[in-house]
Each structure stands twice: as structure tokens, then as C-alpha cells.
Amino acid sequence: MRVGVIGLGNIGGAVAANLLADGHEVAIFDREPARMQALGLEQGMRVASPAELARRSEMAFLSLPTPDIVDAVADAWLGGAAPGSLLVDLSTNDPERVRALGRRVAARGCALLEAPLTGGAPGARRRQLVFLCGGEPAVFERGRPLLEKLGRAVFHLGPLGSGNTAKLVNSLLAFASTWVSLEGLAIAARSGLDLRQLVEVVRTGGASNFYIDRMVEGLNARGRRPDFALELAAKDAGLVVELARAAGVPAPVAEAVRGVFAAAAAGGLGSCDWSDLAEWMEREAACELRLAPKGGD
């Protein structure tokens with residue numbers, strides 16, 4: 001297929017490379033030319049604008065940081081898109097803005113499929129992404145074959161807006177369990193408990209969660225290459241709160257998480273990986289969070 005990718009960060013860059021490896025004719029665009037060059041892909045794949053990319057592809061993927069940027073880039077893409085073209089938005093977005101974009105895209109004779117994802121940069125590189133899709137069934141079926149090659153699972157959750165609703169709920173669970181786990185670890189550390197022993201207690205006692213099961217072993221790391229920047233996590237946390245308000249659901253935990261993430265991003269950690277929330281907790285609690293090796297190794 002003739003495929004385009006707009007936004008060549010951790011996710012978009014890996015998607016473009018995998019599409020090329022699968023034999024597709026790939027056009028790429030990013031507002032930062034250095035990102036296009038850094039991929040090491042053929043220069044002929046680079047285009048000068050979203051509209052040019054639309055003219056060179058029948059399906060285009062967006063992987064962009066904010067709803068405002070998605071709207072602007074999608075509207076620019078529409079300037080070159082032929083009727084029948086498919087736009088697949090991998091970005092985490094506000095469900096209502098996704099629906100509004102879908103109406104604009106449909107008015108031009110094109111189609112929109114939202115496909116926000118979980119799995120992050122490692123999942124994108126290893127084709128282990130999980131796509132949470134919203135859109136018309138026929139549109140979903142057009143996009144599904146490529147998504148299935150790029151990830152390990154593809155869900156169709158309903159009309160436009162459904163995919164991002166599911167993604168934001170998933171993010172709330174991940175964000176909240178991460179921060180509350182760090183709170184618990186800080187309480188334990190300030191109280192003199194061994195954190196390795198505490199982690200084993202929690203895992204054995206039945207109160208484990210996303211963070212304790214999947215992330216806590218990286219607790220000691222600092223300053224790693226950002227796979228998911230904290231400033232993006234803060235943006236997503238804000239979208240969760242907006243979604244809860246739109247749904248008429250009280251969400252005090254979501255509000256608290258948004259406040260913590262926003263403060264950490266504003267406190268100098270915005271460009272760091274979101275796992276550096278551990279450093280923010282250390283600052284706030286005036287303690288050191290360190291995990292001994294498993295089994296005393």
C-alpha cells in the first residue's frame with residue numbers, strides 16, 4: 001500500500017520503520033526535519049507537508065502529542081487528500097474532538113479511524129502495541145490489517161470517541177496505581193521498612209497493581225531515555241479529568257493525579273520519562289526510594 005506517517009517520535013518513527021519493513025511504499029512527515037533524518041530512511045520518503053503526504057498515500061497515520069496539533073495537522077492533510085482516503089489517528093485525544101474531526105473528515109469524502117494505543121515505544125518497536133479503535137465498522141475493517149501487523153491486539157470498541165474513552169480509562173488506572181504505589185513506598189521508606197521486602201509483601205498479600213507488577217523493578221533508575229515523556233502523561237491525565245466531567249462522574253482521584261503530574265512536569269521533569277515520578281516523590285517526601293536486588297543478589 002501507499003502509506004503515510006505524520007509525527008515521527010517514539011511511536012510514529014517505529015511505525016514508519018515497521019511499515020517499510022513490511023514492503024509498503026511509505027511517505028513521512030514531521031515538523032522537525034531532524035526526526036526524519038534520524039530515522040535513516042530514504043530521502044525520497046520525506047515530504048514537505050501533510051497535504052503532500054496525503055497526495056502520496058491512500059492511508060495516513062498520525063502520531064501527535066496534543067489535540068490541538070492533531071486538529072491542525074489533520075486539517076492540513078485534508079488539503080491534499082483524495083476522496084476515499086483513510087486517516088488513522090494513533091494519538092491520545094479528547095473523545096469529543098475526535099468526533100468533531102470525524103465529521104470534518106467525512107464532509108470531504110474521507111474516513112477517520114481513531115486507534116490510540118498502549119505499549120509505548122518498546123511496544124511500537126517490537127510490534128507489541130494494543131490498539132483501541134473507534135469508528136464505523138467498515139472503516140475499522142480497512143485499517144485492521146495494517147494495525148494487526150503493527151501490534152499484538154486490535155480492539156474495535158464502537159463509534160468514534162470510543163477508542164479514546166477506553167484509552168483514557170486505561171491511563172487513569174495506570175497513572176493512579178503508579179502514584180499511589182510511590183506514596184506507599186515513600187511511607188514505608190520514611191518508616192524504616194526495606195522496600196524489597198515490602199514489595200514482596202504486597203505481591204503476596206493480594207494488593208498488587210500495574211506499578212508493583214510491571215514497573216517497580218526499575219525504581220532505582222533515573223534519567224533514562226524517555227519512552228513516554230512526563231509532560232505527555234500530564235496532558236493525558238488532564239484529558240482523563242475532562243472526560244470524567246463530560247460523563248458526569250465524580251473523579252477526585254483523577255483530579256489528584258492530574259495535579260501531581262502537572263506539578264512534576266512543571267518542576268523540571270516534563271521532558272523526562274514518566275518513570276521519573278519516583279524522583280518527584282523523593283523530592284516531595286524527602287526520602288530515598290531504592291529497591292534491593294531480588295533474592296539478595
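Preceding this paragraph is the structure being described.
Residues numbered from 1 in each chain as written. Predicted model: local features only at pLDDT ≥ 70, side-chain atom pairs only at ≥ 80, totals over all residues. Heavy atoms only, no water.

Draft legend 1. Local environment of helix α13 (residues 277–285). Of all the residues in α13, the buried ones are Leu277, Ala278, Trp280, Met281, Glu282 and Ala285. In this structure, the buried side of α13 is in contact with α8 (162–190), α11 (230–247) and α12 (252–269). Phi turns positive, to about 50°, at Ala286, one or two residues after α13. (Buried < 20%, exposed > 50% of the residue type's maximum accessible area, 1.4 Å probe, protein only. Helix = DSSP H or I, 4+ residues; strand = E, 2+ residues; numbered from the N terminus. Contact = heavy atoms within 4.5 Å.)

Draft legend 2. The pattern of salt bridges, seen in detail. One pass over the structure, following the stated rule, counts 24 salt bridges. Notably, a salt bridge pairs Glu255 with Arg258, separated by 3.1 Å at the nearest N-O pair. With Glu255 and Arg258 both in helix α12, this residue pair falls 3 residues apart, about one helical turn. Among the charged side chains, a salt-bridge network with shared partners connects Asp68, Asp71, Asp75, Arg97 and Arg104. (Salt bridge = Lys/Arg side-chain N within 4 Å of Asp/Glu carboxyl O.)

Draft legend 3. Local environment of the side chain of Arg196. In this structure, Arg196 sits in helix α9 (residues 195–205). Arg196 gets classed as buried once you look at its relative accessible area, which sits at 9%. If sequence neighbours within four positions are ignored, Arg196 has contacts with Arg203, Glu217, Leu291, Ala292, Pro293 and Lys294.

Draft legend 4. Region of interest: the environment of Gly218. By the element assignment, Gly218 lies in the loop between α10 (210–214) and α11. Judged by its relative accessible area of 26%, Gly218 is partly exposed.

Draft legend 5. Structural view of the pairing of strand β3 (residues 59–62). Of the two faces of β3, the one holding Met59 and Phe61 and the one holding Ala60 and Leu62 are both buried throughout. When strand β1 (residues 2–6) meets β3, the two strands line up parallel, connected through 4 bridges. Of the residues in β3, the one forming a bridge with Val5 is Phe61. Where β3 meets strand β4 (residues 86–89), 4 bridges bridge the pair, whose relative direction is parallel. Looking at the pairing, Leu62 lines up with Asp89 of β4. In this region the chain leaves β3, passes through helix α4 (residues 67–78) and returns to the parallel neighbour β4; the handedness of that crossover is right-handed. (Pairing = 2+ DSSP bridges. Right-handed = clockwise from strand over helix to strand, strands pointing away.)

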